[in-house]
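# Topology and contacts: notes
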Amino acid sequence: MSDEDDLEDFDPDQEDLEREEEEKETEEGEEDRKEGEDFSEEWLPNPLTEDMMKDGLSLLCKTGSGLAHAYVKLEVKERDLTDIILLRSYIHLRYVDISENHLTDLSPLNHLTHLLWLKADGNRLRSAHLDELPYLQIASFAYNQIIDTEGISHPRLGSLDLKGNRIRLVTGLDPQKLNNLHTLELRGNQLESTLGINLPKLKNLFLAQNMLKKVEGLENLSNLTTLHLRDNQIETLSGFSEEMKSLQYLNLRRSKTQARRPSMTTCGATTFTSSIRHRGHLLLSLSWEQPSSVTGSWRWGERCGEAPD
């Protein structure tokens, strides 16, 4: 079996993905683990070495025509690395974990054209920019110093994690190039607007812990099922559209809109819910800052009078 056949058959670990989704839907948001860290601190040069590679390489697989073999997985996290230029010659790598280091430059990864999975959390990156990687499907750049979303154009990318950075505006996310992106994590940034997230295939959007005051530019996300807006400054419930017909879960906990808590109607739904019904499509779950006598999330069935889950 060739490299390309293996790459075509790649399927992310479903349990890991489900576990990540559960973590994102917890009541309490994850605190920024980078808080108080001195980003100006200088680190002594510590490049990736052949000895580190020997320790971190695993998963022997066939390459090319199937007559040769190479290790395709690398884990070199928490090594205080400042340079990964050595990776340029390891072109068969498919899974790379370089998290919790001191990296500022990921350009050596441009040579890894078979890369499927990348984790670069907890470094000193200012950008997630990489050349187009044709097979990259999962990429995480959480808890860096990234200031924009430019230079992300991987055609098979399905999940992108940029939480815990310094992004104010979303720019450069081309729906034509990111037509497989279904999950976008932007929690814990400095976002002032939801403009720029025009990604019609998007299903899960996490925008908690930002500085948003309203929802805008999401009207055409017809496949969106989950929208997290917890811990923002949302003042208005405008910005929802009848085109958002797949939306099932909306989290508005600890937003300014909580001052207008919805009142329960006789059929178990709320006046708020009716304001974001999309021609018969009703949210299945709404998370709201509720009175102390009510716990959990309100859930509604399709029919009036149906008991909550």
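Structure's up top.
Presented here is a report on the structure given in the accompanying data block. Computed from a predicted structure; not experimentally measured.

What counts as what
- Residues numbered from 1 in each chain as written.
- Predicted model: local features only at pLDDT ≥ 70, side-chain atom pairs only at ≥ 80, totals over all residues.
- Heavy atoms only, no water.
- Helix = DSSP H or I, 4+ residues; strand = E, 2+ residues; numbered from the N terminus.
- Contact = heavy atoms within 4.5 Å.
- Areas by Shrake-Rupley, 256 points an atom, 1.4 Å probe, with all protein chains shown as cover.
- Buried < 20%, exposed > 50% of the residue type's maximum accessible area, 1.4 Å probe, protein only.
- Pairing = 2+ DSSP bridges.
- Salt bridge = Lys/Arg side-chain N within 4 Å of Asp/Glu carboxyl O.
- Core = buried A, V, L, I, M, F, W, Y, C linked by side-chain atoms within 4.5 Å.
- Polar contact = N/O pair within 3.5 Å; in protein donor to acceptor, adjacent residues only side chain to side chain.

## Considering the overall build of the protein chain
Summing up its helical and strand segments, the protein chain has four helices and twelve strands in all. In the protein chain, the share of contacts with a sequence separation of at least 24, taken over all contacts with a separation of at least 6, comes to 33%. Taken as a whole, the protein chain presents about 15400 Å² of accessible surface, with 45% of it coming from carbon and sulfur.

## Regarding the environment of Gln248
Along the chain, Gln248 turns up in the loop between strand S9 (226–228) and strand S10 (249–251). Gln248 sits in the partly exposed class, given a relative accessible area of 38%.

## A look at the pairing of strand S2 (residues 68–75)
Two elements, strand S1 (residues 57–63) and S2, share six bridges in a ladder whose sense is antiparallel. Across the sheet, Cys61 pairs through a bridge with Ala70, a residue of S2. Here S1 folds back onto S2, and the loop between the two strands holds four residues, one of which, Gly64, carries a positive phi near 55°. Looking at chain direction, S2 and strand S3 (residues 95–97) are connected through three bridges and run parallel. Note on S3: the bridge partner recorded for Glu75 is Asp97.

## Points about the pattern of salt bridges
Enumeration according to the criterion identifies six salt bridges in this entry. As a salt-bridge pair, Arg254 and Asp231 come within 2.8 Å of each other at their nearest N and O atoms. Highlighted residues: Arg254 in the loop between S10 and helix H4 (271–275) and Asp231 in the loop between S9 and S10, separated in sequence by 23 residues. Residue classification places Arg254 among the partly exposed positions, given a relative accessible area of 26%. For Asp231, a relative accessible area of 21% corresponds to the partly exposed category. The structure contains a network of salt bridges with shared partners spanning Arg230, Asp231 and Arg254.

## A look at the environment of Leu205
Structurally, Leu205 is set in strand S8 (residues 204–206). For Leu205, a relative accessible area of 0% gives the class buried. The sequence separation of Leu205 and Leu186 amounts to 19 residues, and the corresponding C-alpha distance is 7.8 Å.

## A short note on the nonpolar core
Within the largest apolar cluster, 58 residues are counted, with the highest numbers of intra-cluster contacts made by Ile98, Leu106, Phe141, Ile197, Leu205 and Leu227. Residue contacts for Leu106: discarding those within four places in its chain leaves Ile84, Ile98, Ala120, Leu125, Leu130 and Phe141.

## A word on unusual backbone geometry
With phi around 65°, Leu59 is a residue other than glycine that occupies positive phi space. Mapped onto the elements, Leu59 comes out in strand S1. Here Leu59 falls in the partly exposed class, since its relative accessible area comes to 42%. The backbone of Gln209 shows a phi angle near 60°, a positive value even though the residue is not glycine.

## Thoughts on the environment of Lys77
Looking at where Lys77 falls in the secondary structure, it is placed in the loop between S2 and S3. Relative accessible area serves as the criterion here: at 35%, Lys77 is assigned to the partly exposed category. Between the C-alpha atom of Lys77 and that of Val96, which follows or precedes it by 19 residues, the distance is 9.5 Å. The contact partners of Lys77, leaving out residues within four places of it in the chain, are Asp97, Ser99, Glu100 and Asn101.

## Quick look at the side chain of Asn232
When you line up the elements, Asn232 lands in the loop between S9 and S10. A polar atom in the side chain of Asn232 sits 3.2 Å from the backbone nitrogen of Asn210. At 3.1 Å, the side chain of Asn232 forms a polar contact with the backbone nitrogen of Leu212.

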